[in-house]
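This is what each chain is made of:
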Amino acid sequence: LKYVADTLRIDKDHVREGSVSLNGIPSDDPATYWSSLVAFIDQIDRLHPYLTVKETLDFAWQCRSGGTHAKPYFDMDDADVKEAVEKMDKDDWLVNAVMEGFGLARVKDTFVGDNTSVRGVSGGEKKRVTVAEMFCVETPVICCDEISTGLDAATTYDIVKLMSMVGKVNGKIRLVSLLQPPPETVALFDELILVDHGRVIYSGALDGFVPYFESLGYFLPDNMDGADWLQSLPTHEGKSYLKDKNAKHLTSEEFKEKFDATQQAKQVRRELEETVPEENRVPLLDIASSHFQNSWRRSMKLLIDREILLWWRDKYQIKARIMQDLIMGIICGTVFWQQGDNPQSIMGLLFQNLFFVAMGSMIKVPAQFGTRSIYYKQQDGNFFPTWSYLVGRSIAGIPTAITDMVLFGTIIYWFVGLAFNDGASIGNFFIFLLLVFVTSLSTGLVFSIFSSLVKDKPTSQACMTVTIVILVLFSGFTVQPNLIPKSIFSLGFFGL
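Since the model is a prediction, treat every value here as computed from it, not as a measurement. (Residues numbered from 1 in each chain as written. Predicted model: local features only at pLDDT ≥ 70, side-chain atom pairs only at ≥ 80, totals over all residues. Heavy atoms only, no water.)

1. Considerations on unusual backbone geometry
A negative phi angle characterises most non-glycine residues, just as the trans form characterises most peptide bonds. How we decide: For the purposes of this entry, the term helix denotes a DSSP run of H or I that reaches at least four residues, the term strand denotes a run of E that reaches at least two, and both are numbered from the N terminus.
For D6, which is not a glycine, the phi torsion comes out positive at approximately 60 degrees. Looking at the secondary structure, you find D6 in the segment before β1 (21-22). Unlike most non-glycine residues, D92 shows phi in positive territory, near 50 degrees. Here D92 shows up in the loop between α2 (79-91) and α3 (93-101).

2. With respect to α2
The criterion, for reference: In this analysis, the expected span of each helix is defined as 1.5 Å times one less than the number of residues it contains.
Given a rise of 1.5 Å per residue, 13 residues ought to cover 18 Å, and the 18 Å separating the end C-alpha atoms of α2 matches this to within 8%. The first or second residue beyond α2 is D92, which carries a positive phi of 50 degrees.

3. As for the packing of helix α14 (residues 343-380) against helix α16 (residues 398-416)
Going by this rule: Axes here mean lines fitted to C-alpha atoms, for a helix over just the part in contact, with angles spanning 0 to 180 degrees between N-to-C directions. For classification purposes, angles smaller than 35 degrees are called roughly parallel, those larger than 145 roughly antiparallel, those between 65 and 115 roughly perpendicular, and all remaining angles oblique. Should the near helix be turned anticlockwise from the far one by less than a right angle, the crossing is left-handed, and should it be turned clockwise, the crossing is right-handed. Contact between two residues is taken to exist if any of their heavy atoms lie within 4.5 Å; hydrogens are not considered. Throughout, the ten residues Ala, Val, Leu, Ile, Met, Phe, Trp, Tyr, Cys and Pro are labelled nonpolar, Asp, Glu, Lys and Arg are labelled charged, and all others, Gly among them, are labelled polar.
Contact pair α14 / α16: the axes reach a minimum separation of 12 Å and the direction vectors enclose 160 degrees. In terms of orientation, α14 lies roughly antiparallel with respect to α16. Crossing angle aside, the handedness with which α14 passes α16 is right-handed. Contact with α14, carried on its side by I346, L349, N353, F356, V357 and K364, involves T400, F408, I412 and V416 of α16 and no other residues of that element. For the contact of α14 with α16, a count of residues per class yields seven nonpolar, two polar and one charged.

4. Structural notes on the sheet that holds strand β3 (residues 38-41)
Which entries qualify depends on this criterion: For two strands to be treated as a pair, DSSP must find no fewer than two bridges joining them.
Strand order in the open sheet formed by three strands is β3-β4-β5, and the pairing between neighbours is parallel. Of all the strands in the sheet, just β3 and β5 (173-177) have a single pairing partner and so form its edges. Put simply, the sheet's adjacent strands are angled 15 degrees from each other on average, direction ignored. Two elements, β3 and strand β4 (residues 141-145), share four bridges in a ladder whose sense is parallel. Each residue of the ladder has a partner; that of V38, found in β4, is V141.

5. Quick word on the confidence of the model for the protein chain
For clarity, the threshold we go by: A residue's pLDDT is the confidence the predictor assigns to it, expressed on a 0 to 100 scale.
Looking at the protein chain as a whole, the pLDDT averages 81, with 93% of positions reaching at least 70. Between the elements of the protein chain, mean pLDDT differs from a low of 52, seen in helix α19 (residues 486-495), to a high of 90, seen in helix α1 (residues 53-65). In the model, residues 492-496 has pLDDT below 50 throughout and makes 12 contacts with residues more than four positions away in sequence or in other chains.

6. What about the side chain of R64?
We count it as follows: Relative accessible area decides the class of each residue, using a 1.4 Å probe on protein chains only: under 20% of the type maximum gives buried, over 50% gives exposed, and in between gives partly exposed.
Tracing the sequence through the fold places R64 in helix α1. For R64, a relative accessible area of 8% translates into the label buried. When near neighbours in sequence (up to four residues on either side) are disregarded, R64 contacts S35, S36, V137, T139, Q293, G381, N382 and F383.

So this is what it looks like as structure tokens:
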């Protein structure tokens, strides 16, 4: 399925052969964006815990639709069509329809949640959200890779049934792989493709696989369901299902050769070789010709709104930051109480302030690793350009920097007595707050780089620690500036 969705990793150890096309459009066509035609759903639920079910689905739809139900092949000059589209936009028709279809309407205002920070929907409902999210992007093809992982048989059946119903309504092609599916779930499939070691050994109607393999000399035991039987046939266990115990068990290659010789396989090859009519290609080309459906302004607005919302809903993080600023501000302020006329104490205060702000910025980085997989999923799905995500994340750091500025900066300024000079004005106070704000925001952005460059949290912590040590040593506080080479001093000063 990753091969079909063009998300399969290719390197010196992974070689890909063959080709994939949809209505004659190849996956490697440089004029089209394949991910606009094929969506991929993996077995891991990668969702923001602080977004509600409806917000999650609506964000996916807004990113991939441009905020409208209109399609390139709609005749928008027709007054009736235009009126219908406007009504659908106003009512959030697709998002609400998908929620109804997947049984999520009753929990639409509930947080998705996770297992640590916030309570949310159940495990089965979360899997439904994962699947429903990709149904909202409106790609013609959806690949679902082992979506039954971690679910019981009843929940798996419900999700596959809902996928079948919703897919038939909106005309989507669903390619689904399941791990040991129960027979009632397998019965929901329209067609079956059996692959062993990369070879297709059966492809056709669901009710045709038993007669086909029986024609090859195998039998289905009375106490065994067809799905388990199919999975066992290509293995060494398949020998026990031979009608003639003296017959030779077919290998994977022999199974493929037998199937390739059938009329069914020949019909499939003939259909693949036929030229696709142009009228079947045009609608897909209209969809695949654009990388992103939104303008850069709208993409940036969507990301900024979401990131600010996520920050606001993480109440624990906000309260912890406020307490941190108050406690550290009072401690630092009392240590340097009314030392505004002592230059040496002021230098020590400034160093300690900058060091505290830098250390506070390190705390925000580990949480970013949890959202990295969400970004990868949405980036593969052409939700938004990378730069708009970076801008959104950067702007979302402003409220935290303002908290540091107002609480920590104000306490330090008045406790230490930085306005002792008779010539000081209110402007000095705001300049000091601005310095605290810039320091907090810039260090947060610098350390956020490590959440993108390194693979795990311990490595990022080590990188940030080394960075702080370098900045402290070469910023002019611990080593006199005249003893530091100019190039290194500039690096440390501007970095800090």
